[in-house]
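# What the coordinates show
In case you want the letters, here they are:
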Amino acid sequence: MTLDTAWAIAWVRTAADRIAEQASELGELDRAIGDGDHGENMNRGFAAARDALEELPANARPSDVLRATAMRLISSVGGAAGPLYGTAFLRASEAVADRVTLDAKDVVAMLDAALGGIEERGHATPGDKTMVDAWTAAVSAARAAASSGDDPVAVLSAAARGAEEGATATDPLLPHKGRASYLGERAVGHRDPGAASAAIVLRAAADAAA
Amino acid sequence: MKKLVNDPRRFVADALAGFGAAHREIVRVNANPVYVVRARAAGDKVGILSGGGSGHEPLHIGFVGAGMLDAAVPGEIFTSPTPDPILAATRAVDTGHGVLYLVKNYTGDVLNFETAAEFATLEGIRVRTVVIDDDVAVQNSEFTAGRRGVAGTVLIEKLVGAAAERGADLDELERLASRLVATTRSMGVAIAAPTTPHSGRRSFELGADEIEFGIGIHGERGRSRSTMAPADELADRVLDAVLEDLPRQRGSRVIALVNGMGATPSAELYVVFRRVAERLDALGVEMARSLVGSYVTSLDMAGFSVTLADVDDDLVELWDAPVRTAALRW
């Protein structure tokens, strides 16, 4: 499949479906080490983002889809996840601003820009047990796939696998950022809910292209 | 779990509508986007704006009114508001003298207020932000998101609100708020976890003889779990943690707050306060003023926190200045 506007729309719709299906699991992950609202917040945000797709003009580019999604996430999620996901999608949109279809290099640039935005907003670094861990693993997997000559769909697929591995890898970590950081040792053994939702969102990107 | 809820998704909106109807002589509730402002605008002064997740009532909406906040922006339960309502409230209270944001130190609150401040600045509104972080339960701020903002917030909102009413400018208010943050400390304990209207479940389970020591206000677990003890012993442990972090000597002057977490009767809070007062007297720390009640809550969490804020004559005068809000009046 070509990574065009139809793909970007399918990405957001798939992400909204998956988040809705897994909202209570995300809530449970958050209840264990945070305050339990991550699933509810993400569900509200992606439902709003899906609605925003209806208002896009017919000649919208992928970047327009990503930008509209960013604005809806910022204005409806709240908490830390709203500004973090909002910034991620905004930077992703800027990274592919003039593209009509995305090649492998564009996919890497898009994910890398998203990661940069999240790090800048949240002041978190890899290993802090946050969504940065999932995004960082996704970007390195995508970069490796692109440099070995994979097509853009395979690059996305590598990114999704990377994000899932990055999310799983947060289990044994001691949290240094976000609400879980207040629990210290008591958070060890629990998956970071933001990393888990990032894995869902990036898996949706790959599945929308498949 | 029995709750007075219609539809959990409408819980915050329903509660706000009721709040607005009950206090219409003091506040006006804007429904879309959601914020609360004074029924009668304050006029020529710096706007004082606060906000954060709902579920901490009367914080913050209960403190909107003459002598305290100009606006409060509530989010969903335990979730910070998004930038849009913060920006709308900022526009509503700016009179050209600028707006001071009093933000509790939680990642979500800080990020959303930061984003709103960026938008407001682009519109030419002067905004300053002071982040409140009075919770000594969070010790190592190098490896965490930093200390949380908890019950000390209500004292800071009162004092800064009074200074704004007296005509202090944005720079002065920012300095005052920062100074207050540096000398206000809190610590809390939960004897039962809160139940959120969405999940209908307690946010953590405590056995009949267990307590969570060092809790925040979002139903998150605390620093450690231990066994239930008589009120004096719990008061001692909480007060010791506050004093360990910011020691006060003989002759120090403080405002002392014993805050209920939502489901603790005021008689129990007075039992705790009795011990706090006895300890401060013994230490020779002067309790210049005090406040006992449920002001910064966590839905129906049971338990209490103790806050000490250092004061001098000028701050006591600000504390005594008239205030007319839904939850604090004199």
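Computed from a prediction, not measured in an experiment: that's the story for all the values here.

Once that is clear, we can look at the overall build of chain B. Scanning chain B for helices and strands turns up 8 helices and 14 strands. Radius of gyration (C-alpha) of chain B: 19 Å, near the 20 Å computed for a compact globule of 330 residues. With respect to the three principal axes, the spread of C-alpha positions in chain B is 55 × 50 × 40 Å. Across chain B, the fraction of contacts at a sequence separation of at least 24, relative to all contacts at a separation of at least 6, is 74%. For chain B, the exposed area adds up to about 12,500 Å²; of that, 50% sits on carbon and sulfur atoms.

Across all of its chains, the model carries 7 aromatic pairs over all chains by this definition. Taking the centre distance of 6.3 Å and the plane angle of 85° together, the rings of Tyr182 of chain A and Tyr106 of chain B count as edge-to-face. Note that Tyr182 of chain A is positioned in the loop between helix H7 (152–168) and helix H8 (193–209) and Tyr106 of chain B in the loop between strand S6 (99–104) and helix H3 (107–122), a pairing that runs across two chains. As far as the burial class goes, Tyr182 of chain A and Tyr106 of chain B line up, both buried. Pairing Trp319 of chain B with Trp330 of chain B gives two aromatic rings, centres 5.4 Å apart and planes at 55°, and the pair type is tilted. Residue Trp319 of chain B is found in helix H8 (residues 313–320), and its partner Trp330 of chain B is found in the segment after strand S14 (324–325); the two are separated by 11 residues along the sequence. What makes Trp319 of chain B buried here is its relative accessible area of 3%. Its relative accessible area of 40% is what places Trp330 of chain B among the partly exposed residues. By way of ring pairs, the aromatic residues Trp7, Trp11, Phe46 and Phe89 of chain A are connected into one cluster. In this arrangement the basic side chain of Arg148 of chain B is found over the ring face of Tyr182 of chain A, its NZ or CZ atom lying 4.8 Å from the centre. We note Arg237 of chain B situated over the ring of Phe213 of chain B; from NZ or CZ to the ring centre the distance is 4.2 Å.

In this section: the UniProt feature "domain: DhaL" (unreviewed entry) in chain A. Mapped onto this numbering, the UniProt entry gives "domain: DhaL" (unreviewed entry) at residues 6–207 of chain A. The straight-line gap between the two end C-alpha atoms of residues 6–207 of chain A is 13 Å; of that span, 70% is helix and 0% is strand.

Turning our attention to unusual backbone geometry. All names here are of chain B. Across the junction of Glu57 and Pro58, the peptide omega takes the value 10°, indicating a cis bond. Looking at where Pro58 falls in the secondary structure, it is placed in the loop between strand S3 (47–54) and strand S4 (65–66). The amide bond that connects Leu59 to the next residue, His60, takes the cis arrangement and shows omega of -10°. Among the structural elements, His60 can be located in the loop between S3 and S4.

On to empty space enclosed by the protein. What the rule picks out here adds up to 4 cavities of 30 Å³ or more. In this structure, the largest cavity occupies an estimated 540 Å³ of space. Lining the largest cavity we find 34 residues, and of these Ala80, Ala81, Gly178 and Arg179 of chain A together with Thr107 of chain B sit closest to its centre. Sorting the residues of the lining of the largest cavity by element identifies helix H1 (5–33), helix H2 (38–53), helix H4 (81–95), helix H5 (104–122), helix H6 (131–147) and H8 of chain A together with H3 of chain B as the ones contributing at least two each.

When two helices pack together, their arrangement is given by the angle between the helix axes and the distance between those axes. Residues and elements named next belong to chain A. Put simply, helix H3 (residues 62–76) and H4 touch, their axes get as near as 8 Å, and they point 165° apart. Regarding the angle of H3 to H4, the classification is roughly antiparallel. Regarding H3 and H4, the two cross each other, and that crossing is left-handed. Counting all contacts with H3, which are made through Ser63, Leu66, Arg67, Thr69, Ala70, Met71, Leu73 and Ile74, the residues of H4 involved are Gly82, Tyr85, Gly86, Phe89, Leu90, Ala92 and Ser93. Tallied by class, the residues present in the contact of H3 with H4 amount to 9 nonpolar, 5 polar and 1 charged.

For the rest of this paragraph, the subject is the sheet that holds strand S11 (residues 253–260) of chain B. Hydrogen bonds between backbone atoms are what pair the strands of a sheet, whose relative direction is either parallel or antiparallel. All names here are of chain B. The mixed open sheet is built from 6 strands, whose spatial order is S10-S9-S8-S13-S11-S12. Where the open sheet ends on each side, the last strands, each with one partner, are strand S10 (224–227) and strand S12 (286–293). Sheet twist, expressed as the average angle between the axes of neighbouring strands with direction ignored, equals 20°. Both S11 and S12 contribute to a ladder of 7 bridges, which runs parallel. Bridge pairing links Ile255 to Arg289 in S12.

Counting residues at the interface gives 28 residues for chain A, matched by 36 residues for chain B. Of the roughly 2,600 Å² buried between chain A and chain B on both sides combined, carbon and sulfur atoms contribute 48%. Seen at the junction of chain A and chain B, the total is 4 salt bridges. Residues Glu28 of chain A and Arg201 of chain B are paired through a salt bridge, measuring 3.0 Å at the closest nitrogen-oxygen approach. Viewed at the interface, chain B and chain A are joined by 14 residue pairs in polar contact (both at pLDDT 80 or more).

Here the focus is the domain arrangement of chain B. Residue and element names in this part refer to chain B. We note that the domain assignment places domain 1 (9–183) and domain 2 (185–320) within chain B. Domain 1 and domain 2 are separated by 22 Å when their C-alpha centres are compared. Contacts between domain 1 and domain 2 engage 37 residues on the former and 42 residues on the latter. Both faces considered, domain 1 and domain 2 share a buried interface measuring about 3,200 Å² in area, 63% of it formed by carbon and sulfur atoms. The largest contributions to the domain 1 side of the interface with domain 2 come from Phe78, Val136 and Leu155, which together make up 20% of the buried area. The tally of links from domain 1 across to domain 2 stands at 5 salt bridges. Close ionic contact of Arg148 with Glu220 constitutes a salt bridge, the shortest N to O distance being 3.3 Å. Taken together, the links from domain 1 to domain 2 amount to 22 residue pairs in polar contact (both at pLDDT 80 or more).

The rules we used
Residues numbered from 1 in each chain as written. Chains lettered and ligands numbered in written order. Predicted model: local features only at pLDDT ≥ 70, side-chain atom pairs only at ≥ 80, totals over all residues. Heavy atoms only, no water. Helix = DSSP H or I, 4+ residues; strand = E, 2+ residues; numbered from the N terminus. Rg over C-alpha atoms; globule rule 2.2 N^0.38 Å. Contact = heavy atoms within 4.5 Å. Areas by Shrake-Rupley, 256 points an atom, 1.4 Å probe, with all protein chains shown as cover. Phe/Tyr/Trp six-rings, centres within 6.5 Å; stacked < 30°, edge-to-face > 60°. Buried < 20%, exposed > 50% of the residue type's maximum accessible area, 1.4 Å probe, protein only. Lys NZ or Arg CZ within 6 Å of the ring centre and 35° of its normal. UniProt positions renumbered as here; feature names shortened; annotations may be inferred. 1 Å grid on protein atoms, 1.4 Å probe; cavity = no way out; pocket = protein on both sides within 12 Å on 5 of 7 lines; lining within 4 Å. Points joined across faces, edges and corners; volume = space filled by probe spheres on them. Axes fitted to C-alpha atoms, helices over the stretch in contact; angles between N-to-C directions. Parallel < 35°, antiparallel > 145°, perpendicular 65-115°, else oblique. Left-handed = near helix turned anticlockwise from the far one by under 90°. Nonpolar A, V, L, I, M, F, W, Y, C, P; charged D, E, K, R; others polar. Pairing = 2+ DSSP bridges. Buried area = accessible area lost by both parts, 1.4 Å probe. Salt bridge = Lys/Arg side-chain N within 4 Å of Asp/Glu carboxyl O. Polar contact = N/O pair within 3.5 Å; in protein donor to acceptor, adjacent residues only side chain to side chain. Domains from an automatic or database assignment.

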